[in-house]
Amino acid sequence: MQAAARAHANIALIKYWGKRDSALNLPATGSISVTLEALHSETRVRFDPNLVTDAIMLESGGDAERVSRFLDLVRALAGMEMRADVRSRNNFPTGAGLASSASGFAALALAASRAAGIEASPSELSALARQGSGSAARSLYGGFVEMQRGRDDRTGADAHAVPLLAAHEWPLAVVVAIIDTGTKSVGSTDGMTRTAATSPFHDAWVAGADADLAAMRTAIRDRNLERVGELTEHSCLKMHATMLGAQPGLIYWQPATLAAWQTLADLRADGLAAYGTIDAGPQVKALCRIADADAVTAALAQVPGVRDVRISHLGPDASLIADPWA
Ligand code: DP6
């Protein structure tokens, strides 16, 4: 009745921002991401007949209530009532637009379903993780990953991720410029609801997704970094434009965010291929060749307001691990 798992964070190149159903957490569009080797969550779950409530210890912060609701889904699947002892930690700041919900719920889905004795395929695990957090569905896989929108609105069974390329099939680096690690003011879930309800740009955002996804699939298949980069920056800016159009507008950027973004444009003007993306927080993540990662790091570290810079290679699938707290 116990299992532990590790899952890595991911960064979307083609963004997910909007749901078509919040009960099942079905995305309005597909999305495409890369999984990051350097950022991970480790989670241990033990179902215990002696517990009367879930005992949840999130060492790096996070929402215990949301974890408990997720465990209810696992209990329903397993046909049992037992409460669980959950312990989890991240090796990076939580809730600051570094995709902690992605790695967190992916690790939880894997550990909790194994601990509950559920035999689930990778697709089923990914669809389960989606119900914890949409981006978590992608963190079940390493390398380049596509989240499928799915067509089944009744069960959501086909709204799961699929692997596009493993990390070793196209080794790239992501350089993360950390600008502010404070928890963001409006979380992704609330931000998406507000955007869909009030932004006049939301429909156009959803309408453009299939073309962006198709173009990105081709660019990844061709290992065309310049094209992947252009599409990545386009999807990011279009998502933030949609957020800015909400009422009140959602502004996740800080001055250093824009300065870091400009630094990447300057690097490209000097012939270095580095492309940025920004999630629901101020951090800037740059995709580049591994050989260029040190130069990108040095340039971003000089931007006023950038506090720390981390390099990650592309990471592996989520996996079961020995209990890290044993
Ligand atoms: C901007 O997966 O955190 O990072 O499904 O409500 O938990 P919920 O949202 P979440 O949203 C991620 C938004 C994003 C873009 C992305 O990762 O695709």
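Not measured: the values here are computed from a predicted model. (Residues numbered from 1 in each chain as written. Predicted model: local features only at pLDDT ≥ 70, side-chain atom pairs only at ≥ 80, totals over all residues.)

## So, the pairing of strand E9 (residues 173-178)
- Counting buried residues along E9, six of its six residues qualify, which places the element largely inside the surrounding structure.
- Both faces of E9 are covered, namely the face carrying Ala173, Val175 and Ala177 and the face carrying Val174, Val176 and Ile178.
- Both E9 and strand E11 (residues 284-288) contribute to a ladder of five bridges, which runs antiparallel. In the sheet register, Val175 faces E11, and the bridge partner there is Ala286.
- Bridge count for E9 against strand E12 (residues 308-313) is six bridges, and the pairing is antiparallel. The residue of E12 that forms the bridge with Ala177 is Val309. (Buried ≥ 20, exposed ≤ 12 C-beta atoms within 10 Å, placed from the backbone. Helix = DSSP H or I, 4+ residues; strand = E, 2+ residues; numbered from the N terminus. Pairing = 2+ DSSP bridges.)

## Comments concerning the packing of helix H2 (residues 100-115) against helix H3 (residues 122-132)
- Contact geometry for H2 and H3: axes closest at 9 Å, N-to-C directions at 125°. What the angle tells us is that H2 and H3 run oblique. Taken as a pair, H2 and H3 cross one another with a handedness that is right-handed. Residue-level inspection shows Phe105, Ala106, Leu108, Ala109, Leu110 and Ser113 of H2 in contact with H3, the latter providing Leu125, Leu128, Ala129 and Gly132.
- Residues belonging to the contact of H2 with H3 are distributed by class as follows: eight nonpolar, two polar and no charged. (Axes fitted to C-alpha atoms, helices over the stretch in contact; angles between N-to-C directions. Parallel < 35°, antiparallel > 145°, perpendicular 65-115°, else oblique. Left-handed = near helix turned anticlockwise from the far one by under 90°. Contact = placed C-beta atoms within 7 Å. Nonpolar A, V, L, I, M, F, W, Y, C, P; charged D, E, K, R; others polar.)

## Here's the deal with the confidence of the model for the protein chain
- When pLDDT is averaged along the protein chain, the result is 96, and 98% of the positions lie at 70 or above.
- Both scores are given for the predicted complex: the pTM is 0.97, the ipTM 0.99. (pLDDT = per-residue confidence, 0-100.)

## Concerning unusual backbone geometry
- Cis geometry marks the peptide bond from Gln247 to Pro248, where omega comes out at -10°.
- If you check the backbone angles, Arg223 has positive phi at about 55° while not being a glycine.
- Mapped onto the secondary structure, Arg223 falls in the loop between helix H6 (209-221) and helix H7 (225-244).

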